[in-house]
Amino acid sequence: MRIVIAGGGLGGLTCARVLHAHGIDAVVCERDASREARVQGGTLDLTVAEGQWALREAGLEAGYRAIARPEGQDMVLYDSAGTLLRREVTPDEGEERWGRPEADRPALRKLLLDALPEETVHWGHAVTHAEPLGDGRHRVHVSGGETLDCDFLIGADGARSRIRPLLTDAEPAYCGAHGMELVIHDADRAHPAASALVGRGSFSAIGDQQTLSAQRNGDGTIRVHLTLRCSEDWMESSGIPFDDPDRARAALKELYAGWPAEFLALVDATSGPLLAYPLTALPVGVRWENTPGVTLIGDAAHLMSPFAGQGANLAMRDGAELALVLAEGGDVRKFEQVMLERAEPAARMSADNLELFLSDGAAEKVRHLFAKMFGEED
Ligand SMILES: Cc1cc2nc3c(=O)[nH]c(=O)nc-3n(C[C@H](O)[C@H](O)[C@H](O)COP(=O)(O)OP(=O)(O)OC[C@H]3O[C@@H](n4cnc5c(N)ncnc54)[C@H](O)[C@@H]3O)c2cc1C
């Protein structure tokens, strides 16, 4: 069986790796020109039942343990006046208590790529579209004119999937907020105050309809995220020069005027490019009729905002589970039902959390949410 996977993100690579472990070598068409073509984003906490389960199925549990950072679960939560609302320090047996050790996305991606034959990923192969050949097989069109025919096609190509239209008309819609990512390099040495504020894990400050957060990564960087409620055309209408990061940084700080200076110093400590993006999501509870020979996984199937911290975990679980179904000649229709049922509560939680974190008076609501999560009286 010739399998083509569109997209070499965590979902697609996990799928390819589990297939490989079962003697099936798929082809992964990846838009990026090479492994190093794009900075792959920050740290992810992998859940036992999803991300960690998938890596076990991929035979990569030991590799994961080597890159996992349990202490990355430490967190501090402030309001925008600088009041500390919550501090969590990972106990020595942290993994047992919370079970979601952090791992850097680039390290996870490397773990998966290193465990695949070199020729699996076809770099610089952006899928433009795919068409059914009428016998359950599909023809995949790649930019530059190349085509690949396959017996089974997996759309793992993320938010703007080119495979999704084969299965559903559902499209991502704007969630009413934008996110921005900036990076502090060499944090401990060059920016000790920022480093101390963030600690071993993450820092979050919640204002009215806007948040400022920062996460330590395993490579000495700290990733700073700003999220705010705004109109869909905000990147054009705000007048912020996003192509000029230094001026953009100054303009962004004005949006956080009145916040504690030590919090805004996190933004000052960043350097290099600024990544800004609208948050989008597919409708909660998306479903489609099964079509033989093709399916979707991960963000392509059930894109949600990052507010539940589940997207990568689900993508990896989807990828591993689908690989097992294909390797064992199982029922893809049943796989799709289970996948979409699993994703629905996470998508709903993402949507609800986005509303809560970006509401007026959000800090107190978020403090309450954490107390509830930790089973405390509040
Ligand atoms: C700021 C932020 C923080 C997040 N934090 C977390 C978290 O803590 N925990 C968590 O679980 N999730 C988190 N997520 C969500 C998570 O990043 C995604 O859900 C996850 O990456 C989805 O994996 P995927 O493999 O389905 O898609 P992607 O990671 O989007 O991978 C898709 C791949 O397909 C490639 N591609 C795209 N189009 C094409 C094409 N036409 N042809 C070929 N290749 C293509 C892309 O280059 C990419 O490599 C976060 C997201 C954001 C934005």
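Conventions used here
Residues numbered from 1 in each chain as written. Predicted model: local features only at pLDDT ≥ 70, side-chain atom pairs only at ≥ 80, totals over all residues. Heavy atoms only, no water. Domains from an automatic or database assignment. Contact = heavy atoms within 4.5 Å. Buried area = accessible area lost by both parts, 1.4 Å probe. Salt bridge = Lys/Arg side-chain N within 4 Å of Asp/Glu carboxyl O. Polar contact = N/O pair within 3.5 Å; in protein donor to acceptor, adjacent residues only side chain to side chain. Helix = DSSP H or I, 4+ residues; strand = E, 2+ residues; numbered from the N terminus. Nonpolar A, V, L, I, M, F, W, Y, C, P; charged D, E, K, R; others polar. Near = heavy atom within 4 Å. Areas by Shrake-Rupley, 256 points an atom, 1.4 Å probe, with all protein chains shown as cover. Buried < 20%, exposed > 50% of the residue type's maximum accessible area, 1.4 Å probe, protein only. Disulfide = S-S within 2.5 Å. Pairing = 2+ DSSP bridges. Expected span 1.5 Å × (residues − 1).

1. Details of the domain arrangement of the protein chain
Moving on, step 1. Split by domain assignment, the protein chain resolves into domain 1 (3-69 + 100-172 + 282-356) and domain 2 (173-281).
Moving on, step 2. One C-alpha centre belongs to domain 1, the other to domain 2, and the line joining them spans 28 Å.
Moving on, step 3. Each partner contributes residues to the interface: domain 1 has 18 residues there, and domain 2 has 16 residues.
Moving on, step 4. For the pair domain 1 and domain 2, the two sides together bury roughly 1,200 Å², of which 53% comes from carbon and sulfur.
Moving on, step 5. Taken as a group, T43, R69 and L354 account for 31% of the area that domain 1 buries against domain 2, more than any other trio of residues on that side.
Moving on, step 6. The tally of links from domain 1 across to domain 2 stands at 1 salt bridge.
Moving on, step 7. The shortest N-O distance in the salt bridge between R229 and E355 comes to 3.0 Å.
Moving on, step 8. Taken together, the links from domain 1 to domain 2 amount to 3 residue pairs in polar contact (both at pLDDT 80 or more).
Moving on, step 9. At the level of elements, β6 (102-104) and α13 (332-357) are the ones that each hand at least two residues to the side of domain 1 that touches domain 2.
Moving on, step 10. Residues that form the side of domain 1 that touches domain 2 fall into these classes: 9 nonpolar, 4 polar and 5 charged.

2. Quick word on the site of the ligand
Moving on, step 1. Surrounding the ligand, one finds 30 residues, the nearest of these being E30, R105, V127, D299 and A312.
Moving on, step 2. At 3.1 Å from a nitrogen atom of the ligand is found a main-chain nitrogen or oxygen belonging to R31.
Moving on, step 3. Taking G309, its main chain carries an N or O atom lying 3.2 Å from an oxygen atom of the ligand.
Moving on, step 4. A total of 1,000 Å² of accessible area belongs to the ligand in isolation, and the protein chains cover 83% of it.
Moving on, step 5. If one sorts the elements of the shell around the ligand by residue count, helix α12 (residues 311-327) sits on top with 4 residues.
Moving on, step 6. Considered class by class, the residues forming the shell around the ligand number 10 nonpolar, 11 polar and 9 charged.

3. Re the environment of P273
Moving on, step 1. Inspection of the secondary structure puts P273 in strand β16 (residues 271-281).
Moving on, step 2. P273 gets classed as exposed once you look at its relative accessible area, which sits at 66%.
Moving on, step 3. Each C-alpha atom, one on P273 and one on F242, is 8.8 Å from the other, the two residues being 31 residues apart in sequence.
Moving on, step 4. With residues near it in sequence (within four places) discarded, P273 still touches E181, L182 and P245.

4. Details of the state of the cysteines
Moving on, step 1. Within this structure, the stated rule accounts for 0 disulfides.
Moving on, step 2. Its sulfur unpaired, C29 is 8.7 Å from the next cysteine sulfur, which belongs to C150.
Moving on, step 3. Left without a disulfide partner, C175 is nearest to the cysteine sulfur of C230, which lies 11 Å away.
Moving on, step 4. Overall, C175 belongs to the buried group, its relative accessible area being 19%.

5. Describing the pairing of strand β5 (residues 84-88)
Moving on, step 1. Taken together, the 4 bridges between strand β4 (residues 75-79) and β5 define a ladder with antiparallel strand orientation. Note on β5: the bridge partner recorded for M75 is E88.
Moving on, step 2. Joining the antiparallel neighbours β4 and β5 is a turn of 4 residues, in which G82 adopts a positive phi near 95 degrees.

6. Describing helix α1 (residues 10-21)
Moving on, step 1. For α1, built from 12 residues, the straight-helix expectation of 16 Å at 1.5 Å per residue is met to within 8% by its first-to-last C-alpha distance of 16 Å.
Moving on, step 2. With 10 of 12 residues buried, α1 is to be regarded as a mostly interior element.
Moving on, step 3. All of the buried residues along α1 are L10, G11, G12, L13, T14, C15, A16, R17, V18 and L19.
Moving on, step 4. One or two steps after α1, the chain reaches G23, where phi turns positive at roughly 80 degrees.

7. Focus on the sheet that holds strand β2 (residues 27-29)
Moving on, step 1. Taken together, the 5 strands give an open sheet; going across it, the order is β7-β2-β1-β11-β17, and neighbouring strands pair in parallel fashion. What marks the edges here is a single partner per strand, and that holds for β7 (121-122) and β17 (294-296).
Moving on, step 2. Across 2 bridges, the pairing between β2 and β7 is parallel. Residue pairing across strands places C29 opposite H122, the latter belonging to β7.

8. Thoughts on the pattern of salt bridges
Moving on, step 1. Throughout the structure, instances matching the rule amount to 26 salt bridges.
Moving on, step 2. For R109, the salt bridge goes to D32, with nearest N and O atoms at 3.7 Å. Note that R109 is positioned in helix α5 (residues 105-114) and D32 in the loop between β2 and β3 (43-45), a separation of 77 residues in sequence.
Moving on, step 3. Accessibility expressed as a relative area gives 4% for R109, which makes it buried.
Moving on, step 4. You can call D32 buried: its relative accessible area is 7%.
Moving on, step 5. R200 is the salt-bridge partner of D74, the closest N and O atoms lying 2.7 Å from each other. A residue pair is termed long-range when its members are at least 10 positions apart, and D74 in the loop between α3 (61-67) and β4 and R200 in the loop between α7 (192-198) and β13 (202-206) qualify at 126 residues.

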